[in-house]
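Reading the structure
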Amino acid sequence: MANTTSAKKMTRKIVKRTAVNKARRSRMRTFIRKVEEAIASGDAGAAQAALKAAEPVIVRAAQKGIVHKNAASRKVSRLAHRVKAVVAPAS
């Protein structure tokens, strides 16, 4: 348990920041899930639209420190690769 005034204040700030980070992480995962669901349904238009909506959310999460920059880039890249496969299936 925090004893000093500054330590008590820091615990309050940490609780607030954790709630904000949790909301941002949840939002990012929701957008990723929407892309994956569109890919699974095979709807190319919906998959492209979902990816276009998800990409800025993932990048913003990286800028805010929710995920590492390279992890965000990897997520976007892998989703884009999967959407591309749905849009133009191998002939």
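To start, this report covers the structure provided alongside it. (Residues numbered from 1 in each chain as written. Predicted model: local features only at pLDDT ≥ 70, side-chain atom pairs only at ≥ 80, totals over all residues. Heavy atoms only, no water.)

Quick look at the overall build of the protein now. Assigned secondary structure in the protein consists of three helices and zero strands. Order of helices (α) and strands (β) in the protein, N terminus to C terminus: α-α-α. Since a compact globule built from 91 residues should have a radius of gyration of about 12 Å, the 18 Å found for the protein marks it as more spread out than a globular shape. Sequence separation of at least 24 residues holds for 60% of the intrachain contacts in the protein that already meet a minimum separation of 6. Accessible surface, the protein: about 6,600 Å² in total, of which carbon and sulfur atoms supply 54%. In the protein, the 22 positive side-chain charges and the 4 negative ones have mean positions that sit 18 Å from each other. (Helix = DSSP H or I, 4+ residues; strand = E, 2+ residues; numbered from the N terminus. Rg over C-alpha atoms; globule rule 2.2 N^0.38 Å. Contact = heavy atoms within 4.5 Å. Areas by Shrake-Rupley, 256 points an atom, 1.4 Å probe, with all protein chains shown as cover. Lys, Arg positive; Asp, Glu negative; His and termini not counted. Charge placed at Lys NZ, Arg CZ, Asp CG, Glu CD.)

This part takes up the nonpolar core. Core analysis: the largest hydrophobic core is formed by 21 residues, its most contacted members being Met28, Val35, Ile39, Ile58, Val67, Leu79 and Val83. For this core, the elements supplying multiple residues, two or more each, are helix H1 (5–41), helix H2 (44–63) and helix H3 (69–87). When residues no more than four places from it in sequence are discounted, the contact partners of Val35 are Ala50, Leu51, Ala54, Leu79 and Val83. (Core = buried A, V, L, I, M, F, W, Y, C linked by side-chain atoms within 4.5 Å. Buried < 20%, exposed > 50% of the residue type's maximum accessible area, 1.4 Å probe, protein only.)

Further remarks concern the environment of Arg82. Positionally, Arg82 belongs in helix H3. Separated by 51 residues in the primary sequence, Arg82 and Phe31 place their C-alpha atoms 15 Å from one another. Beyond its immediate sequence surroundings of up to four residues, Arg82 is in contact with Glu36 and Ile39.

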